[in-house]
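Here's the letter readout for the chains.
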Amino acid sequence: MKTPGRSLAEKVKGIKESGAFNIRSEHLPTWCPGCGYFGIHQGLNECIQELAVPHHQVVIVSGIGCAGRYPFFCDTYGLHTVHGRALPVATGVKLANPELTVFAVGGDGDGLAIGGGHLPHVARRDINISYLLFDNSIYGLTKGQPSPSTPMGTRSKASPFGTTDRPLNATLLALTYEASFVARLFAGDPRGIASALVEGTMHEGFSIFHIYSTCVTFDKTFKTWNNLKNWVHPLPEGYDPTDRRQAFDEVLSDDYSIGVIYKRP
Amino acid sequence: MKTPGRSLAEKVKGIKESGAFNIRSEHLPTWCPGCGYFGIHQGLNECIQELAVPHHQVVIVSGIGCAGRYPFFCDTYGLHTVHGRALPVATGVKLANPELTVFAVGGDGDGLAIGGGHLPHVARRDINISYLLFDNSIYGLTKGQPSPSTPMGTRSKASPFGTTDRPLNATLLALTYEASFVARLFAGDPRGIASALVEGTMHEGFSIFHIYSTCVTFDKTFKTWNNLKNWVHPLPEGYDPTDRRQAFDEVLSDDYSIGVIYKRP
Amino acid sequence: MHTIDITVEVCGMAGDGTIAAGGMLNEAMSRGGFSVLGFDSYPAEIRGFGRCVTRSRFGTEEILALIEVTDVLISLDDEQSRSRVSFLTPEAAVFFDSKPAVYIDEAKSLAAAVKPGTMLFGMPLTDLAVAAAGTPRGRNLTALGGFAAVFGVPRELFHRVIKRKFQPKGEKVVDANVKSFDAGFDYALKVFSDRITAVFAASLEIADEEKVMLSGNQAIGKAALDADLRLYFGYPITPATPIMEYLAKHLPPKGGRVMQMEDEISSIGAVLGSYYAGTRAMTATSGPGFALMTELITHGVMAEIPAVILDAQRGGPSTGLPTKTEQSDLHAAVFGGPGDSSRIVVAPSDVAECYHFTVKSFQWAEKYQTPVIVLTDFFLDNRVENHPMPEADEEDRSNGNIFPDSSQKGAYKRYEATESGISPRSLPGMEGFIFSATGLEHLETGTPDYSPTTHMNMSAKRHRKIQAALVDLPRPVESSDGGELNVGVIGWGSTVGSVREAVRSARRKGLSVGALKISSLFPYHSEVIREFMGRCKHILIPELNYEGQLANLIGHLFSHEVKRLNKVTGTPIPPSEILAEIEAILEADTK
Amino acid sequence: MHTIDITVEVCGMAGDGTIAAGGMLNEAMSRGGFSVLGFDSYPAEIRGFGRCVTRSRFGTEEILALIEVTDVLISLDDEQSRSRVSFLTPEAAVFFDSKPAVYIDEAKSLAAAVKPGTMLFGMPLTDLAVAAAGTPRGRNLTALGGFAAVFGVPRELFHRVIKRKFQPKGEKVVDANVKSFDAGFDYALKVFSDRITAVFAASLEIADEEKVMLSGNQAIGKAALDADLRLYFGYPITPATPIMEYLAKHLPPKGGRVMQMEDEISSIGAVLGSYYAGTRAMTATSGPGFALMTELITHGVMAEIPAVILDAQRGGPSTGLPTKTEQSDLHAAVFGGPGDSSRIVVAPSDVAECYHFTVKSFQWAEKYQTPVIVLTDFFLDNRVENHPMPEADEEDRSNGNIFPDSSQKGAYKRYEATESGISPRSLPGMEGFIFSATGLEHLETGTPDYSPTTHMNMSAKRHRKIQAALVDLPRPVESSDGGELNVGVIGWGSTVGSVREAVRSARRKGLSVGALKISSLFPYHSEVIREFMGRCKHILIPELNYEGQLANLIGHLFSHEVKRLNKVTGTPIPPSEILAEIEAILEADTK
Ligand SMILES: Cc1ncc(C[n+]2csc(CCOP(=O)(O)OP(=O)(O)O)c2C)c(N)n1
Ligand SMILES: Cc1ncc(C[n+]2csc(CCOP(=O)(O)OP(=O)(O)O)c2C)c(N)n1
Ligand code: SF4
Ligand code: SF4
Ligand SMILES: [Mg+2]
Ligand SMILES: [Mg+2]
């Protein structure tokens, strides 16, 4: 059976060969075949095409990690900073030249552990950038340690007796931090990613995209393609993303509804 | 008219002379007369007396700021660390010797700006320490710059045209971070502080005390004694602190109810 | 005109108007044509208690440094001033309140504490001020009035300063203060008529060209504005905060922006981000904050992104002595980063250099595509000097960007390993010059690559570039008649003034001594330094740090061990101590 | 017994079992009584592609370093191995799959790439493995079998190693692997019968005392356990992560705890907190993480709190070359902190020292109440050596705490400025010894104080203490016959092996050359170093960094400029390059 990741990877390859996805760089990503990040790549590509932003007006700022490698795979300006600092650096880029379309990207370790102190502030300052948090609940690049979104009890080389810390919920964090646009998405749904990205990028202010993804190499039990596919589902019928209290209710009661969770009116 | 701060300061002085509050050090705090921190000092003293912990078993770990000076004013072991790092250092102290009663203290700049990245993790790890966040919505020690809890539009030397960032709500942060004991308190109510501290310190796990205080020297408009006195009020009748959803509701709808907001059952 | 060199100290409790009095005194003397150097010291604690002292030195010759002794003490609070009497010269003049509001036990009075020979000028300051203006508020000016009358400073000079200062508060306030001043002036003229020295009168020359009193921090703020800074990111910390506060006021009206960040890591991060996008940005901090910037500074080095970082040194290590001066961040500035991470480090030594080096640092950062660290210190940041308002010319203010030419479009190599090591830099928004900057080692195109040759070549390129900057960076400046010297004294930063004054005194005594000022700490002009050292029998390096950090850096250029004079007193090194050291070295030689 | 010195390389794709084969080869040769030094290199990317290489050097004499040439290449994938043939010695032996599963164009084959003179041993590895065990999985062992037969390593040695390794997976797996091995062994015995060199057989001595293969990181992990570490706080980073993972497995069963923190700042913060409370704690990181620890390290210096920090160096600056080796954090380790913030810095140079220095570092930290930085590097962390299992004696493992005696109760001065600079340290929980530790300057009691004398005295105390540590810290070790030397080569860290081997070769050639190993980088034994330098005409310092960081540190002790050999290739410096440099220096001298 093909995992969504593998099909995605193949699809991406096909599209790449067709030359349609323009921001893809010449070199295929060095991510593992089947990695969820290919789906995010596809979503962001579609977004940029829909927005019709010239590539040289796009800057992708990243931290360190498998997600952090992202700028190298795009035919846009890129800034691969250090671990955890994509958001403050992206703040500087955007303020320096507001004409630019600025994306910040990073993993859950990058954004919630070492860089976790910056998110509240970029959100409350409402800096007009789009932040894609690639949440695979694991440290991919350093080969599989638990991250701040890893569920309790997870065993790994770094936690042979199981983790004991409660996981953080990035969507809830974003709401608490007064982010003005919050979406929760799934790497297996590039179209959903693309349309949320289009909406969020056009939104004036800080927008965060909390994207559930999978690490096919180091996570065999939790955020696998199969689990994620079974877990995620759309937001309830009639959900009003402009209502912050409702957003809190939704996020506190359901971890896996995806879509635009909040948008400050 | 005497402000609560001034009366407190006088009261504290009287008590000091009586020798009753044991953890007070020989030297009176170098805080400005009328500073809200005297009330917190009184509350913590009462707590330690009620708990009857020998002083040499108490460690107060602090960051930098007027609040950070706190260890010097107590006749306990103290560790005045660097700006923003009280929580990780206190983690080390507690794990090294679980017999010790460990308090971490710091200001809103210390705990929500430079040190804001540590709070989520000490909370989700549920380290068994008590954290007192002295929230005066200002940088006292560096003479009056805005802090992460300063309301929008505040003018200061560092923000002559008014601040533009949305303030963070430390109580909401604590809930979001999965803290297992969360209290919101008022420096003008030392008794309330003492009783919450007793409860929270006996609680097994991380407890945070978000204490509204005043900077009489640099804040003449927002968190003044008069304003705070008018604003704060007890939690609603029948409030159940073991219900996390209710805690979110309370905190999202009322900024000034004080008491024990959440306690994991 | 005879030579004047007088140090005046105003001392009182916080609330007495001590700092204000010192400021007005400095302004008046500046207007009187004297060279002025002043330095305040505030109480360490926030709460409004404790001693305030302003010390100012006035001279007909250029004032290079503060000295440790005081000629005139103006006391606004005797209890605070008592501990200052040990610093008085034998025939010092002391102005004090002869009828203080709070009774002072005679034995504890200032008058009882001074040595015989001291000239005492007791004045009923409070009474005079109340009588003149209906309030004791102006008693600091009353005291200044007494000083002006006795020392022959025309009252008009002070009137002008008072007017300028209080104008915004309205005519009434101006009037009350002028009256308070005059009350002291008239009282002194009358009561001390036999002791009027009028020492300043003879040398007075109302300056044509208006000089301004500027502190190092103000000069830096103004420099940043003049250099067309667009973005300032910072986090409050003593003694750098005033730069942020100055810019917070002055930058927005010019269309720029000041953003108080959540910490120093994000501050330097945002500076790098702006500069990556081609916009001038800076941050200012002190030791603890500078430490936090370490990692991102190395990123700027590796990814070749400009940045301007001001490190206002204070006593260290760690939180250290936040309100005291020291020069102990040199090691960290030059060697602080993991990896081979050389960057440019310069240190101004006076207020004028604070201005000029700051203006230029933007250009250096752009041209050499690397973080530039400007090292000041508490003393330099807060001392005031009087100068004509500093201005930078077009060239100094112009940007140092080197962009690729259009022929490179499509085949652009962001990190081309040119001979100079400098590669034309494209900015986001430029079509056809897309690249990714990274802290990973990379090929000329920017693509990550870890092969041995790549790392060798790119390391060489980055270091070549830094060395190439030597042509633009301020060269060492020698003060001597050239030729062979018995002692060469090398100074950097705020210590240079004391070094130059000590050497001036030594030369006046006929000693064979010269001074060398080093402004560019990295890269440094090793040939110039070596040449100077080669002509010296002894090299002395006085520094405000314990480890002899400049000596550690350049000591290897001398064929013997350099001599060190290391002080960590939190206060500037007085010229006399350096002179004593010079004499001790020469003495030992003759034995 | 004749001297053997053979370098064997196993090369394949990730998935071929390359690293496993190298490991078993090392074990077998160790058991055969040879000295072993091995080093793997993994692909840079995560995803399972790319080349894996293990290189091992086996000798009858102590193996000090890796060399750049290979005597035997065991190829598990010809495409990957082709680029390795340039490193082969003229008469190298090459084992390869003569019937690979995927057809390789002849022109691209390994056989076509090697130089004439190379001995080719083509074996149908896959076929043999499948025939022997029903699966091609064991073809790495089949290749080893071929090697063993040709070079005269008894099959029993391998059988033993295979058994030990696969026992946990059950008898069947063991059996399959033994069979795969034997298939290769038997095939080679038969097919290459005329080319059996049996070179190892003559020197073989089944070692009595069991030696273990340990990497630097394993030695450090074991050292921490043996030193009774209680708490490890860290954040994953290459190449330090294996230490955390080792301890995560072994510490909890001993009652200790490993906590993965949110970053490196909190890691060092928690270490300081534990040590303040008297409990052994450590953290391990690499350049970028070390940079983040800068501020809190200076806090440890100022507040005199012990800490053990391992910095596993990798290519820098910034994220740099995470999987390559380098020695470029010396500057940062020694000089990295703002303020006068000297701390103890040591650098082991081989696996045994990784163990012993780590054990001792806890004691040093406790006794001298300061952060101790242990500098290793990627090469040292990951290379394996065979040694008897290292053990620390009681004394080395005992704590270095000095507590106040009861007479001081009530009048305790935590920071008493003793002659040695060391003050007895109380711990929370001790009654009558309450104090507050602070990063502010402080009186002997710990109370903040910024007066000149306090800062002078306390700075002196802290520095006195660090210098006092010299008596305990590992002294420089000279390898020479003493007396005057034409060239003295000074090495540190993982480069020492190459230095020693180069010097050994030079001396065998009759050259007047000596080596000095420096293990304590700060404080350093300046008298010993100066004495050595004084006997040398030239000093050469080879380092794996661009800036010559050790040369910068100790160069001033030499009366001339020291010569530098700086490489930033990401790979160890081979002894031959150092030898060539020595010869070039001597050559230039005779001209
Ligand atoms: C200061 C610093 N500490 C640690 C590292 C090592 N490191 C690189 S990536 C990473 C975490 C990767 O996890 P995540 O951010 O979730 O990204 P992913 O690889 O899962 O996409 C770590 C710890 C580093 N590069 N810099
Ligand atoms: C790394 C670092 N950055 C900045 C400072 C300067 N500083 C000292 S206290 C402080 C903020 C004080 O505000 P808060 O934490 O709210 O405490 P308060 O004084 O209000 O009690 C700052 C910015 C420092 N000491 N260290
Ligand atoms: S290691 Fe995991 S996160 Fe990284 S590229 Fe591979 S699958 Fe993706
Ligand atoms: S400055 Fe403000 S916070 Fe600090 S002691 Fe004074 S009143 Fe309290
Ligand atoms: Mg991740
Ligand atoms: Mg505050």
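Source: prediction; values computed, not measured.

**Concerning the overall build of chain A**
No. 1: Looking only at helices and strands, chain A features nine helices and ten strands.
No. 2: Sequence separation of at least 24 residues holds for 66% of the intrachain contacts in chain A that already meet a minimum separation of 6.
No. 3: Accessible surface, chain A as shown: approximately 8,300 Å² in total, 52% of it carbon and sulfur.

**Some points on the coordination of the magnesium ion (ligand 6)**
All names here are of chain B.
No. 1: The magnesium ion (ligand 6) binds to the protein through Asp108 (OD), Asn136 (OD1) and Ile138 (O), with metal-donor distances spanning 2.1 Å.
No. 2: Counting residues between consecutive donors of the magnesium ion (ligand 6) along the chain gives the motif D-x27-N-x1-I. In this structure, Asn136 and Ile138 share a single accessibility class: buried.

**So, the coordination of the magnesium ion (ligand 5)**
All names here are of chain A.
No. 1: Looking at the magnesium ion (ligand 5), one finds its protein donor set to be Asp108 (OD), Asn136 (OD1) and Ile138 (O), positioned 2.1 Å from the metal centre.
No. 2: When the donor residues of the magnesium ion (ligand 5) are listed from N- to C-terminus, their spacing reads D-x27-N-x1-I. You can see Asp108 sitting in helix α4 (residues 108–114) and its partner Asn136 sitting in the loop between β4 (130–135) and β5 (138–139), a full 28 residues away along the chain.

**Notes on the packing of helix α8 (residues 216–226) of chain D against helix α14 (residues 351–368) of chain D**
Residue and element names in this part refer to chain D.
No. 1: In contact at an axis separation of 8 Å, α8 and α14 are set at 30° when each is read in the N-to-C sense. For the element pair α8 / α14, the angle class is roughly parallel. The hand of the α8/α14 crossing is right-handed. Facing Gly216, Ala219, Ile220, Lys222, Ala223, Ala224 and Asp226 of α8, the residues of α14 in contact are Val351, Cys354, Tyr355, Thr358, Val359 and Phe362.
No. 2: Within the contact of α8 with α14, the residues separate by chemical class into nine nonpolar, two polar and two charged.

**Here's the deal with the interface of chain C and chain B**
No. 1: In this assembly, 20 residues from chain C lie in contact with 27 residues from chain B.
No. 2: At the boundary of chain C with chain B, total buried surface from both sides reaches about 1,800 Å², with 61% on carbon and sulfur atoms.
No. 3: Where chain C touches chain B, the interface holds zero salt bridges.
No. 4: Between chain C and chain B we count five residue pairs in polar contact (both at pLDDT 80 or more) in total.
No. 5: Per-element accounting of the side of chain C that touches chain B gives the leading share, five residues, to helix α9 (residues 241–250) of chain C.
No. 6: Its residues placed into classes, the side of chain C that touches chain B shows nine nonpolar, four polar and seven charged.

**Things to note about the domain arrangement of chain C**
All names here are of chain C.
No. 1: In terms of domain boundaries, chain C breaks down into domain 1 (5–207), domain 2 (214–397), domain 3 (402–474) and domain 4 (477–589).
No. 2: Placing a centre on the C-alpha atoms of domain 1 and another on those of domain 4 gives a separation of 36 Å.
No. 3: Summing both partners gives a buried area of about 770 Å² for domain 1 against domain 4, and 46% of it is carried by carbon and sulfur.
No. 4: Looking at the side of domain 1 facing domain 4, the largest losses of area belong to Glu61, Leu64 and Glu68, adding up to 58% of the total buried there.
No. 5: Counting every contact that joins domain 1 to domain 4 gives three salt bridges.
No. 6: Note that Glu61 is salt-bridged to Arg504, the shortest N-O span being 3.8 Å.
No. 7: Along the contact surface separating domain 1 from domain 4 lie three residue pairs in polar contact (both at pLDDT 80 or more).
No. 8: Residue composition of the side of domain 1 that touches domain 4, by class: four nonpolar, no polar and four charged.

**Quick notes on the site of ligand 1**
No. 1: Close to ligand 1 lie 25 residues, the nearest being A:Tyr37, A:Cys66, A:Asp108, A:Asp110 and D:Glu264.
No. 2: Taken together, the residues near ligand 1 originate from chains A, C and D.
No. 3: At 2.6 Å, a side-chain N or O of A:Tyr37 approaches an oxygen atom of ligand 1.
No. 4: Between ligand 1 and A:Gly140 there is a distance of 3.0 Å, counted from an oxygen atom to a backbone nitrogen or oxygen.
No. 5: At the level of secondary structure, the elements contributing two or more residues to the shell around ligand 1 comprise α4 and β5 of chain A together with α11 (287–292) of chain D.
No. 6: With four residues, α4(A) is the single largest residue contributor to the shell around ligand 1.

Calculation notes
Residues numbered from 1 in each chain as written. Chains lettered and ligands numbered in written order. Predicted model: local features only at pLDDT ≥ 70, side-chain atom pairs only at ≥ 80, totals over all residues. Heavy atoms only, no water. Helix = DSSP H or I, 4+ residues; strand = E, 2+ residues; numbered from the N terminus. Contact = heavy atoms within 4.5 Å. Areas by Shrake-Rupley, 256 points an atom, 1.4 Å probe, with all protein chains shown as cover. Donors = N, O, S within 2.8 Å, 3.2 Å for Na, K, Ca; no water. Buried < 20%, exposed > 50% of the residue type's maximum accessible area, 1.4 Å probe, protein only. Axes fitted to C-alpha atoms, helices over the stretch in contact; angles between N-to-C directions. Parallel < 35°, antiparallel > 145°, perpendicular 65-115°, else oblique. Left-handed = near helix turned anticlockwise from the far one by under 90°. Nonpolar A, V, L, I, M, F, W, Y, C, P; charged D, E, K, R; others polar. Buried area = accessible area lost by both parts, 1.4 Å probe. Salt bridge = Lys/Arg side-chain N within 4 Å of Asp/Glu carboxyl O. Polar contact = N/O pair within 3.5 Å; in protein donor to acceptor, adjacent residues only side chain to side chain. Domains from an automatic or database assignment. Near = heavy atom within 4 Å.

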